[in-house]
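As a plain string of letters, each chain reads:
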Amino acid sequence: MRINEVVYNDALPVDGYGPGFFRVGGELREGAVLLTPAGARAWGGYEDTAPLLALAGEVDVLFLGTGAEIAHIPADLRRALEEANIGVESMATGPACRSYNVLLSEGRRIALAALPV
């Protein structure tokens, strides 16, 4: 079996998550997070649309982690993101973090907005 080391360059991967927190690039972050090519920051949830829409032209896909269980995101949020030409993939937070890390390691233009589990 061949093992390849995963390299993220300057990007910040999700190292772990748990009840109410994320570990991003070795740093503990409480509450919801937004990970973009520019770095990590707190995210205010579905109503905090401005930083998500500001990603237009910077990312092709936004992974939306919906918490411990998969849930539909608000229709107006999905519509606004799609109108801004940002692809949206919503899934439970765990799979969203894992998918984000895989595509991040491939150098893809992605972001992650995730609610804690």
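See above for the structure.
What comes next concerns the included structure. In this numbering scheme, every chain counts its residues from 1 along its sequence in written order. Totals for whole chains, interfaces and linings use all residues, but because this is a predicted model, local features are given only for residues with pLDDT of at least 70 and pairs of side-chain atoms are given and counted only at 80 or more. By convention in this description, side-chain values take in all heavy atoms of the structure and omit both hydrogens and water.

**Looking at the environment of isoleucine 86**
Residue placement: isoleucine 86 occurs in the loop between helix H2 (75-83) and strand S7 (87-91). Once you skip the residues sitting within four places of it in the chain, isoleucine 86 turns out to touch Leu52, Leu53, Leu55, Ala56, Val59, Asp60, Leu62 and Leu81. Only DSSP runs of H or I covering at least 4 residues are called helices, and only runs of E covering at least 2 are called strands; the numbering of each starts at the N terminus. Only heavy atoms matter for contacts: two residues are in contact if any of them lie within 4.5 Å across the pair.

**Concerning the sheet that holds strand S1 (residues 14-18)**
Paired through their backbone hydrogen bonds, the strands of a sheet run either parallel or antiparallel. Taking strand neighbours across the sheet as the criterion, the three strands line up as S1-S2-S3 in an open arrangement whose pairing is antiparallel. The strands lining the two open edges of the sheet, one partner per strand, are S1 and strand S3 (27-30). In this sheet, adjacent strand axes meet at a mean angle of 20° when their direction is disregarded. Sheet topology note: the S1/strand S2 (residues 21-24) ladder contains four bridges and is antiparallel. Note that in S2 the partner of valine 14 across the bridge is valine 24. Here an angle of 0 to 180 degrees is reported between the N-to-C directions of two axes, which are lines fitted to C-alpha atoms, with helices fitted over the stretch in contact. Each of S1 and S2 is contacted by helix H3 (residues 93-105), which is oriented at about 175° to S1, the strand it contacts most. Here a strand pair is declared whenever DSSP counts at least two bridges between the two strands.

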